[in-house]
Every structure is written in structure tokens, then in C-alpha cells.
Amino acid sequence: QAVWLARSVSAAQCAIGPSTTSASMATMRKSSSLPGIMMLGTTMPKPADGASTFARKPSFSYRLGHGPIDVMQFPKASEETMLAAEKLRYAGWRQKMHSEMPRPQSASKIEDVVPRNMRHPRVAPAWLKHDKQVLRFYGFFQEHVTERPDENSRYRQVNLMYYMEDGTLSMNEPRTENSGIPQGIFLKRPRAPRQDGQGFIGPDDFRCGSEVTVYGRTYHITGCDRFTRWFFEQNGIDVGEDEPLVEDRWQTSYKFQKMVEKGGLPMTGQAMDAKMYGKYMSGQPPADKKLTQFLLNDRKVLRFKAYWDDPTPYAGRIYFVVHYYLSDNTVEINEAHCRDSGRDNYPVFFKRGPLSKRNSVSAYPGMLSSDGGVYMPEDLKVGEAISVWGRKVVLYDCDDLTHNFYQSYLSMDQRAGSIDVTERPIRHTKLKPPPHNGIGTEEDSLINTQMIQPKPPKADLVKLMVNTGESLRFEAKMVNGEPEDDCRRFVIAFFPDTDRVAVYELQQRNSGHMAGKFREKSRIKNPQTGRYFELRDFYVGTVVSICAQPFEIVRADEHCLQYLEEHSDEFPYADPVACARR
């Protein structure tokens, strides 16, 4: 390479010339930045540090954890090293660092709390959503019976249970002791198909009072349990009302036999007589029925509220309190007087004693009379009437003790027949005043019908003092459709002090009518409203009827317009603000 460089430089010197070469050599001797050129005929300078060559020692190295470094210049400390050194300046750096560390957040997601194998899916399947949910319905089916003299068919009660988790249906019949027929499970949780073949039976097929067919047998649904009703109500479905259970002849006779076996029926008359005969034979004193009734029902009184409409003149409705004593089957009726009733102060209407259903008076003592029987507790019903010596007394209410007695012993609801006896408020009919006969004013004639000594009607003095002498005149024409009346002109004068109206006809040449007074000044009623004419009834463009003639107002004089503008609150057609808004 040195020989090739020497030849190249010699060729360049020959091409440039001697003068140029000498100048270049001088420049190259002075240059110390090009060590390779120093070898071209010049003396190589020696290294300053006494080394034999100008070779540079390698200063790059690689250290674990730092990467490539310069061995002549140590690597700079990292930010983590400086941060650790800053922490070591304080004695309690661990406690300070722990206090500044962020607190861990509480687990807000279900994935952080519930294990993966126990999580519920977002859209739960039916077997998970309706797990252990069963809809239970009660029903029956009719079964034909042959070769039995006491029955030709029987009703068999069943329980239908629909499992929501898989849509299966089970059915069982409650077991009856000694029934003689196989009972128990009818259906073991299959998916029962519909009769028409369109899918399987579901919750929509069950309603109280409806019928469902399962495998060719029809069942009538009579009711459901409390959970099933709540489930349908939550989904906005009316499941229907429960129906009473249907009993066949065998079930009725079976219950009667069981009741007889347990002693639920009262003793027959024959057995009672035999029992009394046995007591007589043994020397025991017979039991007194009246004494027993008195000891069991002493101080037990049924209380009814009743009324009687007295048909006699100037009478009316009389209210009673009926007491029925259970100790001896006697009745007492007292009048319920109100304050200031005007009746006598003794309340007894019927003295305590047995009340017969049919009463009659014998011609002389000792004469036999028909026995119609006395009133017993079962004969007294609220809403019905009893006969008290020919008087029709209606029972309309009873107290709580009486209501509870009939509910417990006779299974009767006395409140069902309660009658509302609240009297309607008295309404007096006011006679209308007679129509005005045309003589005088209507106010004077009306006062004559209101008082014996009539007085003049009161006048509005303020209105008279303010509007006395005022006359508002309107020009009008007659619009009755007659050609001869088209040219006639009238002046309608309104007097605001007394609200009177006068009509005058103007003179028209060759009209054939005389000018002058057409209607005398008086208060005139507006046939359209039925009230007297007011100032607001007159305005330009309207048609008013006076003396059965229609008049169309065409204009008003200047004084009238000024008056109406000053009193725009009474005459809204002259209010400029109201007219501008229209």
C-alpha cells in the first residue's frame, strides 16, 4: 500500500509541476492531522507519551447489568441507583416508603371473588334459572264406573306438577284409605306432548277453570298453590280463581260414614227416647231442657236494628232495637228515639215474651188458636222482615256479637243483607216567579211577589251620579230583507246611567215612513242572551233585535267613540291594545 501511494503521489507531482509540488510538500510537512501522508518522504513524528506506535488501545468493554461501557470513563449511575442512594440518606426510609405505597383496591368484580367453576352465566339457562321451581295445579278427571248400583261415574282428584327446569310433567293422586282403586303416581316426569301435536305442554296450558289433555285423558284444573299464583302474577298473567272441589256420590257417602263413625251426627229421636227411658228405669231425674238452655245461654242476647214504616197519616218511619234472648227464646222490641223526636219518652214497643209468627185474638179466654210457631234464631235474618202483630218490621243491621254468633253456629253472614237506611236530605222546591205582564218594570213586579209591603228596588246611586245625562248614540239600518225598508235609518240611544235603550227613526225623503220615536226609552231584553241590553252588546257591525226587528249598527257619533275609548275596560272593542293583539 505504501508503494502504491508513493506512485500515485509521484504521478500527481509530475502532472502538477515542480512549483506546485514543492508548495504541497511544504504544506504536508506542517500538517499533523494526516498521519498517512507523513510517510511520503517525510520523517514520522514520535508519539508524545514515548510509545513506539500510534495505535489506540481499545476502551470499550461489556459488563453484566450495564451493557457496553467505556473503561476510560466510568458509566453514569442510573436513576434507580440515585433513588436508592437518596433513600439511604434517611434512617426510616422503609417506613416512609411503605406509607407512600398505593393501597390495593377492593375486589369489585365477581371474577376476583367467585371461583370460575361457581360463576353464574350472564344469560342463565332454564335448568339454572328455574332450579327447584315447580308449578303445582289441582284438578280432577271423570272416570266411568260400571256394574255399581250406587254410582255410575266418579271424580278422581289429582295433583299436576310442572317442573320449570326441564319442562317435564308429573302427576299423582292422593291416596284414600280403603278406596279399593289403585292410586298414587300417574305420570313420572316426561315431556308430555300436546293433543294437537304442536310441541309439548307448558305453563301457558294451565289455567284455573280450563281443561288440559294429557295422553288422551282430559283433566279439569280447579286451582293452584300459593307459589304458582305468585309466579303467574309476577309475569303479568291471570291464572284465574280457584274452584271448589267436586265430589261424587261415593265421596259424599264416604265422608258421611266417617262422620257417623266418629260421632259427628246428633242423636236420633229414637235413641234419645231410649236414653230417657233408661234414666227413668234407673231412677235418675230427667234433665230439664229449659233449665239446660238457661244455664248455657244466660246473658246471651242477639241485638238487631229494625224499622217500621207507619202507614197512618202524619206518622213516618219508626226505628227499633230488637233483642232476642237465647236463654228462653223471647223477644223484646224497643223504640230508638232521637233527640227532639216529639214522641213519648217510654221506649217499650213489644214487652219481652215469645213472638209468634202468626198472631190472632180469641173471642173469649180458653179458646183454641192455630199454632204458627215462635220466632227462632234461624228465622231472624238481616234484610228480611218479621211480623209483629200485623206490623212489618224490617231488620236492616246487627251488632258484632250477633254477627259472630251466626257465623259460628249457623254459618250465616248477616252483614251481607245490610240495608242502608240513611235518609236523603230534604230538598225544598222553590217556586219560580210569575212572568212579567208588561205593566211597570220587571223589578217592581218581582218585589210584589217577595214581600207583602213592597219597596222600590234599590238603584245604583254611584252609576246614576257619574253617568247622569250621558247618551251614547249609534246609527243603524233595518236589515229585515224588505226592499222598502232598506233606505230607513235609525238612531239607537243607550243611556248608561240606567241601562235603558231608545230607538228613533230619521227622516228620509220619499221613504213613506214618518220620523220620530220608534221605541220608547226603557230596559229591553236581548233575545239572544235573555238578559237586558248592556253597553258591550252595541258595536259597529253587529246586529241587534229590538221590537222583533233586526238593526245593523253602521257607525257611532264622535262623543260615543270618545266615551267608549275612555271606558275601554267596560267596552273591550274600544281598547286599542286588545285590537292590536288581534
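The sections below set out a description of the structure shown in this document. (Residues numbered from 1 in each chain as written. Predicted model: local features only at pLDDT ≥ 70, side-chain atom pairs only at ≥ 80, totals over all residues. Heavy atoms only, no water.)

**Observations regarding the overall build of the protein**
Rules: Note on conventions: DSSP H or I runs of at least 4 residues are helices, E runs of at least 2 residues are strands, and numbering of each starts at the N terminus. Buried means the residue's accessible area, taken with a 1.4 Å probe over protein chains only, is under 20% of the maximum for its type, while exposed means over 50%, and partly exposed covers the values in between.
Helix and strand counts for the protein stand at 14 helices and 20 strands. Each of the 582 residues in the protein was classed as buried or not, and the buried ones make up 26%.

**Overview of the packing of aromatic side chains**
For the record, the criterion: Planes of paired rings set the category: under 30 degrees apart is stacked, over 60 is edge-to-face and the rest tilted, where pairs are Phe, Tyr or Trp rings (Trp by its six-membered ring) whose centres lie within 6.5 Å. Sitting over a ring, as applied to charges here, requires NZ of Lys or CZ of Arg to be within 6 Å of the ring centre and within 35 degrees of the ring normal.
Taken as a whole and judged by the stated rule, the model has 24 aromatic pairs. Ring plane angle 90° and centroid distance 5.6 Å describe the contact between Phe-405 and Tyr-406, whose orientation is recorded as edge-to-face. Assessed through its relative accessible area of 0%, Tyr-406 is described here as buried. Linked through ring pairs, Phe-137, Tyr-162, Phe-206, Phe-227, Trp-230, Phe-231 and Phe-232 together constitute an aromatic cluster. Just above the ring of Tyr-307 sits the side chain of Arg-317; from NZ or CZ to the centre is 4.1 Å. Sitting over the ring of Tyr-532, Arg-523 keeps its end group 4.0 Å from the ring centre.

**So, the side chain of Asp-499**
This is how the line gets drawn: Counting of polar contacts relies on pairs of N or O atoms within 3.5 Å, with two restrictions inside protein: one atom must be capable of donating a hydrogen and the other of accepting it, and residues adjacent in sequence are counted only when both atoms are side-chain atoms. For this analysis, residues touch if any pair of their heavy atoms sits within 4.5 Å.
Relative to the helices and strands, Asp-499 is located in the loop between β16 (489–495) and β17 (500–505). Overall, the relative accessible area of 18% leaves Asp-499 in the buried class. In this structure the side chain of Asp-499 is engaged in a polar contact, spanning 2.9 Å, whose partner is the side chain of Lys-463. Beyond its immediate chain neighbours, meaning those up to four positions away, Asp-499 contacts Lys-463, Phe-494, Arg-523 and Phe-533.

**With respect to the pairing of strand β8 (residues 217–224)**
Threshold: Strand pairing is assigned whenever DSSP detects at least two bridges linking the two strands.
Within β8, six of the eight residues are buried, leaving the element largely enclosed by the surrounding structure. Where strand β3 (residues 134–144) meets β8, four bridges bridge the pair, whose relative direction is antiparallel. Within β8, the position partnered with Tyr-138 by the bridge is Gly-223. Pairing analysis gives four bridges linking strand β7 (residues 211–214) to β8, with the strands arranged antiparallel.

**Re the nonpolar core**
To keep it simple, the criterion reads: Only buried residues count toward a nonpolar core, which is a set of Ala, Val, Leu, Ile, Met, Phe, Trp, Tyr and Cys residues joined through side-chain atoms within 4.5 Å.
Core analysis: the biggest nonpolar cluster contains 24 residues, and Phe-304, Leu-380 and Ile-386 have the highest contact counts within it. Secondary-structure elements contributing two or more residues to this core are β9 (301–310), β10 (316–325), β11 (330–335), β13 (385–388), β14 (391–398) and α10 (400–410). When sequence neighbours within four positions are dropped, the list of residues in contact with Ile-386 reads Leu-355, Tyr-375, Leu-380, Arg-391, Lys-392, Val-393 and Leu-395. Within the second largest apolar cluster, 23 residues are counted, among which are Met-478, Ile-492, Val-501 and Ile-524.

**Observations regarding the pattern of salt bridges**
Using the following cut-off: By definition, a salt bridge exists where a carboxyl oxygen of Asp or Glu is found within 4 Å of a side-chain nitrogen of Lys or Arg.
Following the criterion strictly, the structure yields 24 salt bridges and no others. A salt bridge links Asp-379 to Lys-357; its shortest N-O distance comes to 3.1 Å. With Asp-379 in the loop between β12 (348–353) and β13 and Lys-357 in the loop between β12 and β13, this residue pair connects regions lying 22 residues apart in the sequence. When its relative accessible area of 33% is taken as the criterion, Lys-357 is described as partly exposed. Across the pair Glu-443 and Arg-523 runs a salt bridge whose closest N-O atoms are separated by 2.9 Å. Taken together, the residues span a long stretch of sequence, with Glu-443 in helix α11 (residues 442–448) and Arg-523 in the loop between β18 (516–522) and β19 (543–546) at a distance of 80 residues. Residue classification places Glu-443 among the partly exposed residues on the basis of a relative accessible area of 26%. Judged by its relative accessible area of 36%, Arg-523 is partly exposed.

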